[in-house]
Amino acid sequence: REFGDSRMTSLVNEALEHNLDLKAAGYRLKAAKEGTIIGGAARKPTVGASTGYRRSGGENVSSSESYSLSLNASWEPDLWGRLRNIDLATRADYAATVADYRSARLSLAANTARSWCNLVTAERQLALAERTVVSYQKALPVVERRYRAQTLRAVDVQFALNNIASAERTLRARKLSRDDAARSLEVLLGRYPSATIASSSTLPTLSKTVPAGLPSELLNRRADLQAARADLFASAQRAESARKDLLPSLNLSGGLSNGESDIRRAFDPNFLVYSVAASLAQTVYRGGAPSAQARAALERNRAQINSYASTALFAFREVESAIGADHSLREQETFLETEVEQSNRSEKRALNDITLGIEGASFLEYLEAQRRAEN
């Protein structure tokens, strides 16, 4: 909205609603949210139920029927907090996915705004190429008239014709660039890339400058840093979980079952048999695999620490580069405006000198002035 271009704002909103890649990221976000339920399920009891029916018999054996009903439950108490670490890791994974989705939305908004500016730029360059062709075509009769008056050479006429052909070629190239810019924007909007989207004749303007003295803590709002922090936390929780996996685990289990030839007794609570058991398990030897897994998880956590530091440095670099570019481009714009103004004056004066037949007037000077004015 700071660009003050209602069309740009409308296109960004359209892209956020219809962009196919963003929709795919939204579905991945929903899938990641389901993963938090899976991660927390390990801390809760597991309950299962089953029923069965069996009939047996033979030619010389009387047939028999039996019905069974069983209900089983098991639960691993989180003695050392290992399951809690896994739960926290999956929740951090979801937080990172949320941040990635926010980053995708911001990136889409930025790319849509940039594509709109590219389209407007391509449209203006196309209009400039059209004006260049008209300008060269207007200069040709002057050159031909001065040639007939024997004040210019035949090569000057060839130069003029060459300029027209070159300008016509540039016009076609600008038309192709404009269509490519339109198709790129249409794809972001979820439209068919037909290059029919209407452009604007003016570029958006951004008058605000970055105020001095802003705290660096503002970078904490960046979605990529938030995702990196969540990934770092998740890796730390997984490293802690892998370390605790070396400790003994306790498992509690219980069950209710029944098996009767009479279906009524199979479902009668008075005939149910219950069982309760507890077990304490400790891995004695697995070829060093558990210890290796714990060390690997710790190394991945250390790698994630460095990745987070790298992401933070990249964020600082982007901010510093953006501030430097903003300052430099403002200075360049001032000199560019002066350059354009002087080039237009030179072109008009060179054409006027040739038209009036002023001694010393050179057609090559006019061509150079024309090239600078149009570029």
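About the criteria used
- Residues numbered from 1 in each chain as written.
- Predicted model: local features only at pLDDT ≥ 70, side-chain atom pairs only at ≥ 80, totals over all residues.
- Heavy atoms only, no water.
- 1 Å grid on protein atoms, 1.4 Å probe; cavity = no way out; pocket = protein on both sides within 12 Å on 5 of 7 lines; lining within 4 Å.
- Points joined across faces, edges and corners; volume = space filled by probe spheres on them.
- Helix = DSSP H or I, 4+ residues; strand = E, 2+ residues; numbered from the N terminus.
- Nonpolar A, V, L, I, M, F, W, Y, C, P; charged D, E, K, R; others polar.
- Buried < 20%, exposed > 50% of the residue type's maximum accessible area, 1.4 Å probe, protein only.
- Contact = heavy atoms within 4.5 Å.
- pLDDT = per-residue confidence, 0-100.
- Salt bridge = Lys/Arg side-chain N within 4 Å of Asp/Glu carboxyl O.
- Pairing = 2+ DSSP bridges.

Side note on the layout of surface pockets
Phase 1 of the analysis: By volume, the second largest pocket amounts to about 310 Å³.
Phase 2 of the analysis: Together, 24 residues line the second largest pocket, and D245, L246, L247, Q282 and T283 are the ones closest to its centre.
Phase 3 of the analysis: Elements represented by at least two residues in the lining of the second largest pocket include exactly α3 (82-148), β3 (249-260) and α7 (289-356).
Phase 4 of the analysis: Tallied by class, the residues present in the lining of the second largest pocket amount to twelve nonpolar, six polar and six charged.

Some points on the side chain of R178
Phase 1 of the analysis: Considering the arrangement of structural elements, one finds R178 in helix α4 (residues 154-188).
Phase 2 of the analysis: On the basis of relative accessible area, R178 is assigned to the buried category, the value being 9%.
Phase 3 of the analysis: Excluding anything up to four places from it in sequence, R178 contacts L119, A122, E123, L126, A195, I197, A198 and S199.

Some words on the confidence of the model for the chain
Phase 1 of the analysis: In the predicted model, the chain carries a mean pLDDT of 87, and 93% of its residues have values of at least 70.
Phase 2 of the analysis: Across the chain, element-level confidence peaks in helix α1 (residues 6-18) with a mean pLDDT of 96 and bottoms out in helix α6 (residues 263-266) with 58.

Section: the pattern of salt bridges
Phase 1 of the analysis: Evaluated as defined, the whole model comprises 18 salt bridges.
Phase 2 of the analysis: Across the salt bridge formed by E14 and R191, the nearest N and O atoms sit 2.8 Å from each other. A residue pair is termed long-range when its members are at least 10 positions apart, and E14 in helix α1 and R191 in the loop between α4 and α5 (223-244) qualify at 177 residues.
Phase 3 of the analysis: Residue D87 is joined to R91 by a salt bridge in which the shortest nitrogen-to-oxygen separation is 3.2 Å. Of the two residues, D87 and R91 both sit in helix α3, four residues apart, roughly one turn of that helix.
Phase 4 of the analysis: A relative accessible area of 6% places D87 in the buried class.
Phase 5 of the analysis: With a relative accessible area of 46%, R91 lands in the partly exposed category.
Phase 6 of the analysis: Within this structure, E123, K175, R178 and D179 form a network of salt bridges that share partners.

Digging into the pairing of strand β1 (residues 46-56)
Phase 1 of the analysis: The buried fraction of β1 is low, at zero of eleven residues.
Phase 2 of the analysis: Pairing between β1 and strand β2 (residues 64-75): eleven bridges, direction antiparallel. Looking across to β2, one finds that T51 is bridged to L69.

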